[in-house]
Structure formats: C-alpha cells, structure tokens
Number of protein chains: 2
Amino acid sequence: MSYKDKKVLPIGSVSELTGLSLRKIRYYEERGLILPERSGGGTRKFSFTDVEKLMDIANQIEDGMQTFEIKKLYKKEKQKDKDKIRDEMIRGQLNAAFKMTK
Amino acid sequence: MSYKDKKVLPIGSVSELTGLSLRKIRYYEERGLILPERSGGGTRKFSFTDVEKLMDIANQIEDGMQTFEIKKLYKKEKQKDKDKIRDEMIRGQLNAAFKMTK
DNA sequence: CGTGTAAGGAATTCTGACACG
DNA sequence: CGTGTAAGGAATTCTGACACG
C-alpha cells in the first residue's frame, strides 16, 4: 500500500486540502461516503485517497446530487472492480486449463 | 508538488509511521535535521518526505552518528543538488549559444 | 549528547443538539 | 437534506525543565 492510502491525516489537514468545512467532512462520513480510521482516542485519520474522494464528492454535491445517490454510485464502482477481478481470474483459469490440453 | 511533500501529518501519525518517540522527533527538529511546518496554533505538520528522512536519521543514529554529523551530511547533499542544477543551466546556455553560431 | 518523564496549558477534535430551510 | 454553530468534554500537542549518563 502506498502513501496515498495511509490513514494518517487529521481532519484539520483534510479541511485545508479540500476546502471543505469540518462539518461537511464529518457529515459525508456519517452518510457512509468515506471511511476514515480512528486513533485510539477516537480522532479521525484520513488518507490522501480520502482527500481525493472528498473533492469528487464536493463536485457532485455542487451538481445537485444527493449523498445517497453518490453512495450508490460508489457501490456500482466497487461492483465493477469486483467484476473485473472475477473476469480476470476466470480467464486465467481457462488459460491454465487450455495449456493442459496441449 | 506531490502528496509526499505536503506538510499535513501530525506528530502522532509520524511517530506511528516511524516508530520514533515524540521526544526524538522533536529533538531532531531542534537540531535542525527536519523542518516541519506549523499550524496557526503552533502544532507541527510533517510530510511523508519528512517521515522518510526520519527513518534515515534513525538508522544513522543507531550507527552511532551524532546529530551534527547527520546535519552536515544533509548540507552536502543539498550542495550537490545545487551544483547539479547549476551545471545543467550552464550546459543549457552553452548549447543555446552554440546553436546561434550555426 | 540523546532521550525519558511529569507538569501545566493551549490547540485540536469529538459528539449530540438546535437551527434553518 | 445539507450545513452552520455554540457547548462541554476528551484527546492531542506544545514548551521548558529536571534527570541520567
């Protein structure tokens, strides 16, 4: 995992990087759009990937999209990723089986 | 500037990533080995580059090197970088002058 | 010299709630 | 629904100092 995915940024830094208020960031988490980790004491820790996602979210909100729609969108994205991986695995196995017939 | 150079990490995250105590990190700053930025309120903000540098420093300390030696080393590195840039600029200008003679 | 620690205070973050719309 | 704000408390960080070696 690269630096981009390390959950290490405090919400203040994320707010500065994205230009979003603390309230908005917390709300988007509440709606399940992002999933920061928590320190032992309970403070949120974000990754740069989260920061990028938040900037995406901000754009979509500006376009009048609602949080649950954005969430659905992300679910679809994830499903696509899974489908892709499944396809690749199937292709790999077919390929292996094919070689055995030679 | 990439994510790696953004000064956004709190000292706690840096401590976790490097395995160094808060005391050590602050001390290495005091000795001028790293230069985190400060938030408006005065809290330190580090970059991933700082994190990498700290891991380097930790190794050198383990090898018995003293902080002022490490600092000297970094100064030399910087000087080399400057020399390199100067060389490239001179070469670029010579090249341009040479083309004009054609 | 490099590092741990206890001390007191300040900055940061947290949650739940009320407000507006 | 999405967001601002005031409120009280808890976690995080800060500095300067003493200790040891």
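Bear in mind that the values here come from a model prediction, so they are computed numbers and not experimental data. (Residues numbered from 1 in each chain as written. Chains lettered and ligands numbered in written order. Predicted model: local features only at pLDDT ≥ 70, side-chain atom pairs only at ≥ 80, totals over all residues. Heavy atoms only, no water.)

Novice: Could you give me a rundown of helix α1 (residues 11-18) of chain A, with the residues and numbers involved?
Specialist: Because the α-helix completes a turn every 3.6 residues, residues three or four places apart line up on one side. Inspection of α1 of chain A places Ile11, Ser13, Val14, Ser15 and Thr18 of chain A among the buried residues, and these make up the whole buried set. Against the buried residues of α1 of chain A lie α2 (22-30), β2 (44-45) and α3 (48-62) of chain A together with β2 (44-45) of chain B. One or two residues past the end of α1 of chain A sits Gly19 of chain A, with phi positive at roughly 80 degrees. (Buried < 20%, exposed > 50% of the residue type's maximum accessible area, 1.4 Å probe, protein only. Helix = DSSP H or I, 4+ residues; strand = E, 2+ residues; numbered from the N terminus. Contact = heavy atoms within 4.5 Å.)

Novice: Pulling in residues and values, what's your account of the interface of chain A and chain B?
Specialist: Listed as interface residues are eleven residues of chain A and, on the opposing side, eleven residues of chain B. Across the interface of chain A and chain B, roughly 1,100 Å² is buried in total on both sides, 75% from carbon and sulfur atoms. When the buried area of chain A at its contact with chain B is split by residue, Tyr3, Val8 and Phe48 of chain A rank highest and sum to 55% of it. Linking chain A with chain B are zero salt bridges, by the criterion used here. Viewed at the interface, chain B and chain A are joined by four residue pairs in polar contact (both at pLDDT 80 or more). (Buried area = accessible area lost by both parts, 1.4 Å probe. Salt bridge = Lys/Arg side-chain N within 4 Å of Asp/Glu carboxyl O. Polar contact = N/O pair within 3.5 Å; in protein donor to acceptor, adjacent residues only side chain to side chain.)

Novice: Any details on the nonpolar core? Residues and values, ideally.
Specialist: Counting residues in each nonpolar core, the largest one holds 34 residues, and the members touching the most others are Leu9 of chain A together with Leu9 of chain B. Of all the secondary structure elements, the ones that give two or more residues to this core are α1, α2, α3 and α4 (67-100) of chain A together with α1 (11-18), α2 (22-30), α3 (48-62) and α4 (67-100) of chain B. Discounting residues that sit within four places of it in the chain, Leu9 of chain B has contacts with Val8 and Leu9 of chain A together with Val14, Leu17, Arg44, Lys45, Phe46, Ser47, Phe48 and Val51 of chain B. (Core = buried A, V, L, I, M, F, W, Y, C linked by side-chain atoms within 4.5 Å.)

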